[in-house]
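# Breakdown of the fold
One letter stands for each residue in the lines below.
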Amino acid sequence: MHTELLDSVSEEVNQAIARFPQETITKIYQDQGEFFSIEQFFPQEVIDQFMAEVEIVRPKLNRNYIPTHKKGGSVSHYLLRESAPSILAFYHSPAFIAWLSHIAGVPLLLCPDDDPHACALYFYTEAGDHIGWHYDTSYYNGERYTVLLGLVDRSTSRLECRLHTKEPGREVKELSLTTDPGLLIFFNGDKLHHAVTPSAEGEERIVLTLEYVTDPTMSRGKRWFSNLKDAFSYFGLPALLRQPGMKA
Ligand SMILES: [Fe+2]
């Protein structure tokens, strides 16, 4: 990877996190049941740089459809690793990981290289693309945390969130968010109940997702189940075979 490119992503990350004091964000994160969202975390120039790489991988996205639960397109970590150096540099950024770790209150680690969700793209580009209510359940021997970064949102889709669902005695709070370019969301995958409402004809919504964990080990049984789920729900059989993918 070019040093210049790495330096530029690293500088953008440093500038972004400097604008959002750790202590303030940590309080918001804790008050909201391990969830925060920040508008314009990155300026449009950074999103444009990421989008140039998105356009390179877009022809290879895998479309998936699970009746009543999920429809959309995905690009896995394997493909991004080959063709999206800026996006990968963001995922790997030590300053960003340290900032998130402080907010989460636990040391966060990258996912193993063979996890297709580690760093991935989700495309909602056809009528009816959506995902039903779910948690980003951790199959790892530890917690799993999700970052979402809005890249494109010319859609009526909304990221619907239900906070505090696992906190007995606490009222559930509902949020309905657009994922505009530059919006950053971070949450504990087992705590946030969330869904994306269906897109309409001619709309487009593209989101980058990053996954961090507290323990990158996983039992064999859970790895088997997780791999099958990824193959059928997200990235297709190439992901099961640990390959970058093919044109869908
Ligand atoms: Fe999710």
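Per-chain numbering applies: the sequence of each chain, read as written, is numbered from 1 onward. Reporting in this predicted model follows two pLDDT cut-offs: at least 70 for local features of residues, and 80 or more for side-chain atom pairs to be given and counted; totals over whole chains, interfaces and linings ignore these cut-offs and use all residues. By convention in this description, side-chain values take in all heavy atoms of the structure and omit both hydrogens and water.

Let's shift gears to the pattern of salt bridges. For salt bridges, the criterion is a side-chain nitrogen of Lys or Arg within 4 Å of an Asp or Glu carboxyl oxygen. Taken as a whole and judged by the stated rule, the model has 13 salt bridges. Among the salt bridges present, the one from lysine 71 reaches aspartate 129, with a minimum N-O distance of 3.0 Å. Within this pair, whereas lysine 71 is found in strand E3 (residues 70-75), its partner aspartate 129 is found in the loop between strand E5 (119-124) and strand E6 (130-134), the two being separated by 58 residues in sequence. Glutamate 204 is paired through a salt bridge with arginine 154; the nearest N and O atoms lie 2.5 Å apart. A residue pair is termed long-range when its members are at least 10 positions apart, and glutamate 204 in strand E12 (residues 204-213) and arginine 154 in strand E7 (residues 144-154) qualify at 50 residues. The exposure class assigned to arginine 154 is exposed, which follows from its relative accessible area of 57%. Each helix corresponds to a stretch of at least 4 residues labelled H or I by DSSP, and each strand to a stretch of at least 2 residues labelled E; elements are numbered beginning at the N terminus. For every residue, the accessible area obtained with a 1.4 Å probe (protein chains only) is divided by the maximum for its type, and the residue is called buried under 20%, exposed over 50%, and partly exposed between those limits.

On to the UniProt feature "domain: Fe2OG dioxygenase" (unreviewed entry) in the protein. Under the UniProt annotation, "domain: Fe2OG dioxygenase" (unreviewed entry) lies at residues 115-214. Within residues 115-214, the helical portion is 0% and the strand portion 51%, while the C-alpha atoms at the span's ends are 15 Å from each other. UniProt positions are given in the numbering used here, feature names are shortened, and annotations may be inferred rather than shown by experiment.

With that out of the way, let us pick up helix H1 (residues 3-19). Here the expected length of a helix is defined as 1.5 Å per residue gap, with one fewer gap than residues. Over its 17 residues, H1 extends 25 Å from the first C-alpha to the last, a length consistent with the 24 Å expected when each residue adds 1.5 Å. Among the residues of H1, Leu5, Val9, Val13, Ala16 and Ile17 are the ones counted as buried. The buried residues of H1 all sit within an arc of 95° when viewed along its axis, so they share a single face. Away from its buried face by more than 90 degrees, H1 exposes Thr3, Glu4 and Ala18. Any two residues having at least one pair of non-hydrogen atoms within 4.5 Å are treated as being in contact. Looking at the buried positions of H1, the neighbouring elements they touch are helix H3 (44-57), helix H5 (85-92) and helix H6 (94-104). Directions are taken from the helix axis to each C-beta atom, and the arc is the one they span.

Moving on, we get to the state of the cysteines. Criterion for a disulfide: a pair of cysteine sulfur atoms within 2.5 Å. Tallied over the entire structure, the rule returns zero disulfides. Looking at cysteine 119, it has no disulfide partner, and the nearest cysteine sulfur is the one in cysteine 111, 10 Å off.

What follows deals with H5. With respect to burial, H5 is a largely interior element, six of its eight residues being buried. Every buried residue of H5 is listed here: Ser86, Ile87, Leu88, Ala89, Phe90 and Tyr91.

A few words now on empty space enclosed by the protein. Only protein atoms enter the calculation, which uses a 1 Å grid: trapped sets of points that fit a 1.4 Å probe without letting it out are cavities, open sets showing protein on both sides within 12 Å along at least five of seven lines are pockets, and any residue with an atom within 4 Å of a point is a lining residue. Grid points are joined across faces, edges and corners, and a volume is the space filled by probe spheres set on the points. In the structure shown here, the tally under the stated rule is one cavity of 30 Å³ or more. Quantified by volume, the largest cavity comes out at close to 70 Å³. The wall of the largest cavity is formed by Asp115, His117, Thr137, Ser138, Tyr139, Tyr140, Arg144, Glu211, Met218, Ser226, Lys229 and Asp230. Broken down by element, the lining of the largest cavity gets its largest block of residues, three residues, from helix H7 (residues 220-235). As a working rule, the residues Ala, Val, Leu, Ile, Met, Phe, Trp, Tyr, Cys and Pro are called nonpolar, Asp, Glu, Lys and Arg charged, and the rest polar, with Gly in that last group. Here the lining of the largest cavity is built from residues that sort into three nonpolar, four polar and five charged.

Taken N-terminus to C-terminus, the directions of H1 and H5 make an angle of 50°; their axes are 9 Å apart at the nearest point. The orientation of H1 with respect to H5, classified from their angle, is oblique. Seen along the crossing, H1 lies across H5 with a hand that is right-handed. Contacts from Leu5, Leu6, Val9 and Val13 of H1 reach H5 at Pro85, Ser86, Ala89 and Phe90. For the contact of H1 with H5, a count of residues per class yields seven nonpolar, one polar and no charged. Every angle, taken between N-to-C directions, lies between 0 and 180 degrees, and every axis is a line fitted to C-alpha atoms, over only the stretch in contact when it is a helix. Each angle receives one of four descriptions, namely roughly parallel if under 35 degrees, roughly antiparallel if over 145, roughly perpendicular if within 65 to 115, and oblique otherwise. Should the near helix be turned anticlockwise from the far one by less than a right angle, the crossing is termed left-handed; should it be turned clockwise, right-handed.

Another aspect to go through is the nonpolar core. Residues belong to a common nonpolar core when they are buried Ala, Val, Leu, Ile, Met, Phe, Trp, Tyr or Cys residues joined through side-chain atoms within 4.5 Å. By size, the foremost hydrophobic cluster in this structure holds 54 residues, and its most contacted members are Phe90, Phe96 and Trp99. With residues up to four places along the chain from it excluded, the contact list for phenylalanine 90 reads Val9, Val13, Phe42, Phe50, Phe96, Leu149, Leu184, Leu208, Leu210 and Tyr212. Listed in part, the 19 residues of the second largest apolar core include Ala120, Ile131, Leu177 and Ile185.

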